[in-house]
Amino acid sequence: MDSTLTYSEEELYQKRNRIRIAVSLFYFCQGLAFASWASRIPIIKERLDLTEGQLGTILLMLPVGQLVTMALSGKLVTIYGSAKVLRIVAIIYALVLCLVGFARNAWELGAVLFLFGVIGNMCNIAVNTQGVAAEKIFKKSIMSSFHGAWSIAGFTGALIGLLTMNIAVDTIPHFMIIFILIVINTTINYRYLVPGKTAQTKKTSFFSKPESSLVQLGIIGFFSMATEGAMFDWSGVYFKEIVHAPEQFIIVGYASFMVMMALGRFIGDAVISRLGRKRTLQISGILMFSGMMISVLFPDFYVCTLAFMMVGIGVACNVPTVYSVAGQNKNVPSGVALAMVSSISFLGFLMGPPLIGYIAELTSLRYSYGVFSFFGIMMFVMASKLKIFREG
């Protein structure tokens, strides 16, 4: 937990709404930077004359950078505090985004994306530790709304990317605009972050034997993020090749999933407060399974649109929930606990899309979605058995 060294609990409670806005805006800016990069991938690919295989290899550098610095990120947040780390790395993250625009060959792009992953992971651990700290001030679930801000940033970043490309704004000016916006946000809002360092309960190494509850939380996150990654990368292909949607409506599958995931994150806190984390995860698992299985059994345009909406609602609250629970662990500092859970969860996001492709290559895309539907069942079972979710 981020324990304050500056304000009393009463003073923090009085500032709670302003703190929530500030933390939400840092989530938003991180999502905006990532979405801005994603919106320019086709342009950068064309400018550097990259093949699909070359681009695929280069894109792996980003998650590699994230994974190799999980331990370092948790350690930095534990030693220096999430507020201090976040206000520094948020600006560096935006600066590295600008460097992406300056890359002139595949090697430069790969190196910058590795750095983008490194700094992005530090932002991720720091901002989620802030989310946990803010949640403790409110004494109720608000983590889902923070991740909702990240999702809205995804839409905003895509729209800004589309606008800048349509009015012939080059990649570098586009990224400079995002850099300026993030600097302005950091300058205005860093003082409202929850101050203090992570409370040290006992010395914990990232590489020591982790608590079983953190491993299990990570596995739940793995199932959810593998499904999320598969929907991000393959929903358009599914609507084209399996649903046989008209060319202009191929995007509907992805859009229906994304809209419902964002909506689910904004209503998720109220649902969690009413039903509890355990039941929310159980229902989410059922929705993930049902939505993907329905899309497999009934590959009709309208049915699959509704099915993908179910999956979007199903994955919405899972990662915010496991991060929130991990950050409240009494035996492991928040930054280290979040790094442990994130490292396992993110493997799902990394491995999900290629796994879908490998299964589809051996069988069919419908069959691969059928296999992934059982991640929802496994998540349901784990949430039902994990002691940490046995709420009154």
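Residues numbered from 1 in each chain as written. Predicted model: local features only at pLDDT ≥ 70, side-chain atom pairs only at ≥ 80, totals over all residues. Heavy atoms only, no water.

Help me out: how do you make sense of the overall build of the protein chain in this one?
In terms of regular secondary structure, the protein chain is built from 17 helices and two strands. A globule of 392 residues ought to have a C-alpha radius of gyration of about 21 Å, and the protein chain, at 20 Å, matches this closely. For the C-alpha atoms alone, the extent of the protein chain along its principal axes is close to 60 × 50 × 35 Å. Taking all 392 residues of the protein chain together, the buried fraction comes to 54%. In the protein chain, once contacts between residues fewer than 6 apart in sequence are set aside, the share between residues at least 24 apart is 86%. (Helix = DSSP H or I, 4+ residues; strand = E, 2+ residues; numbered from the N terminus. Rg over C-alpha atoms; globule rule 2.2 N^0.38 Å. Buried < 20%, exposed > 50% of the residue type's maximum accessible area, 1.4 Å probe, protein only. Contact = heavy atoms within 4.5 Å.)

Teacher, can you tell me more about a nonpolar patch on the surface here?
On the surface, I152, L263, F266, I267, V271, L275 and I283 cluster together to form a nonpolar patch covering roughly 530 Å² of accessible area. The element best represented in the nonpolar patch is helix α12 (residues 251–275), accounting for five residues. Since its relative accessible area comes to 33%, I152 is described here as partly exposed. (Patch = residues over 30% accessible without salt bridge, like charges linked within 9 Å, V, L, I, M, F, W, Y side chains within 5 Å. Areas by Shrake-Rupley, 256 points an atom, 1.4 Å probe, with all protein chains shown as cover. Salt bridge = Lys/Arg side-chain N within 4 Å of Asp/Glu carboxyl O.)

Please clarify how the confidence of the model for the protein chain should be interpreted in this entry.
Low pLDDT means the predicted atomic positions in that stretch should not be read closely. Per-residue confidence for the protein chain gives a mean pLDDT of 87, with 93% of residues at or over 70. For the protein chain, strand β1 (residues 2–3) is the element with the lowest average pLDDT, namely 42, and helix α10 (residues 171–189) is the one with the highest, namely 96. Confidence drops under a pLDDT of 50 for residues 1–5, and excluding neighbours within four residues, the segment shows 25 contacts in the predicted structure. (pLDDT = per-residue confidence, 0-100.)

Could you clarify how one ought to interpret the packing of helix α11 (residues 212–241) against helix α13 (residues 277–297) in this entry?
Axes are the key here: two packed helices are described by the angle between their axes and the distance separating the axes. Contact geometry for α11 and α13: axes closest at 12 Å, N-to-C directions at 25°. The pairing of α11 with α13 is recorded here as roughly parallel in orientation. Viewed along their axes, α11 and α13 form a crossing whose handedness is left-handed. Mapping the contact onto sequence places F223, S224, T227, M231 and Y238 in α11 and M288, M292, S295 and V296 in α13. Of the residues belonging to the contact of α11 with α13, the class tally is six nonpolar, three polar and no charged. (Axes fitted to C-alpha atoms, helices over the stretch in contact; angles between N-to-C directions. Parallel < 35°, antiparallel > 145°, perpendicular 65-115°, else oblique. Left-handed = near helix turned anticlockwise from the far one by under 90°. Nonpolar A, V, L, I, M, F, W, Y, C, P; charged D, E, K, R; others polar.)

Got a minute to help me understand the environment of S39 in this structure?
Within the secondary structure, S39 sits in helix α2 (residues 16–39). Along the chain, S39 and A111 lie 72 residues apart, while their C-alpha atoms are 19 Å from each other. Those residues in contact with S39 that sit more than four places away from it in its chain are G157, A158, G161, M165 and H174. Looking at S39, its side chain comes within polar contact range of the main-chain oxygen of S36, at 2.8 Å. (Polar contact = N/O pair within 3.5 Å; in protein donor to acceptor, adjacent residues only side chain to side chain.)

Which parts of the structure should I look at to understand empty space enclosed by the protein?
To find leftover empty space, a probe the size of one water molecule is rolled over the atoms. All told, the structure shown has one cavity of 30 Å³ or more when counted by the stated rule. What lines the largest cavity is simply F26, C29, Q30, L86, A90, Y93, C123, I182, N185 and T186. Of all the secondary structure elements, the ones that give two or more residues to the lining of the largest cavity are α2, α7 (82–102) and α10. The residue inventory of the lining of the largest cavity, partitioned by class, reads seven nonpolar, three polar and no charged. (1 Å grid on protein atoms, 1.4 Å probe; cavity = no way out; pocket = protein on both sides within 12 Å on 5 of 7 lines; lining within 4 Å. Points joined across faces, edges and corners; volume = space filled by probe spheres on them.)

Explanation requested: the packing of aromatic side chains in the structure shown.
Remark: the centre distance and the inter-plane angle together describe each pair of aromatic rings, the angle taken between the planes. Inspection of the entire model under this criterion finds 14 aromatic pairs. Arranged with centres 6.1 Å apart and planes meeting at 75°, the rings of F222 and F223 form a pair that is edge-to-face. With a relative accessible area of 9%, F223 lands in the buried category. Counting every residue linked through ring pairs, the aromatic cluster contains Y238, F239, F249, F301, Y302, F308 and Y369. The residue whose ring lies beneath R20 is F138, and the NZ or CZ to ring-centre distance is 5.4 Å. (Phe/Tyr/Trp six-rings, centres within 6.5 Å; stacked < 30°, edge-to-face > 60°. Lys NZ or Arg CZ within 6 Å of the ring centre and 35° of its normal.)

What is the right way to read the side chain of S145 from this model?
Following the sequence through the fold, S145 ends up in helix α9 (residues 143–166). Given a relative accessible area of 10%, S145 falls into the buried group. When residues no more than four places from it in sequence are discounted, the contact partners of S145 are R20, R265, F266 and D269.

What should I look at first to understand unusual backbone geometry in this one?
Where the residue is not glycine, phi is negative for most of them; where a peptide bond is considered, it is trans in most cases. We note that D49 has phi near 55°; this positive angle belongs to a residue other than glycine. Inspection of the secondary structure assignment puts D49 in the loop between α3 (41–47) and α4 (52–59).

Explain α12 to me, please; I cannot follow it from the model alone.
Think of an α-helix as turning once every 3.6 residues; residues three or four places apart then point the same way. Helix length check: α12, at 25 residues, gives a terminal C-alpha distance of 33 Å against a target of 36 Å (1.5 Å per residue), a fit within 8%. Along its length, α12 shows its largest kink, about 50°, at I267. In this fold, the buried residues of α12 make contact with α2, α9, α11, α13, α14 (301–316) and α15 (318–327). The positive-phi residue at the C-terminal boundary of α12 is G276, with phi of around 90°. (Expected span 1.5 Å × (residues − 1). Bend = angle between axes of the 7 residues up to and from the residue.)

How should I be thinking about the pattern of salt bridges in this particular structure?
Side-chain pairs of opposite charge can arise where the charged atoms are in close proximity. The tally for this structure, following the rule as stated, stands at two salt bridges. E135 is paired through a salt bridge with R277; the nearest N and O atoms lie 3.8 Å apart. Remark: R277 occurs in helix α13 and E135 occurs in helix α8 (residues 106–138); sequence separation between them is 142 residues. Residues E228 and R265 are paired through a salt bridge, measuring 3.8 Å at the closest nitrogen-oxygen approach. Taken together, the residues span a long stretch of sequence, with E228 in helix α11 and R265 in helix α12 at a distance of 37 residues. Each member of the pair, E228 as well as R265, carries the same accessibility label: buried.

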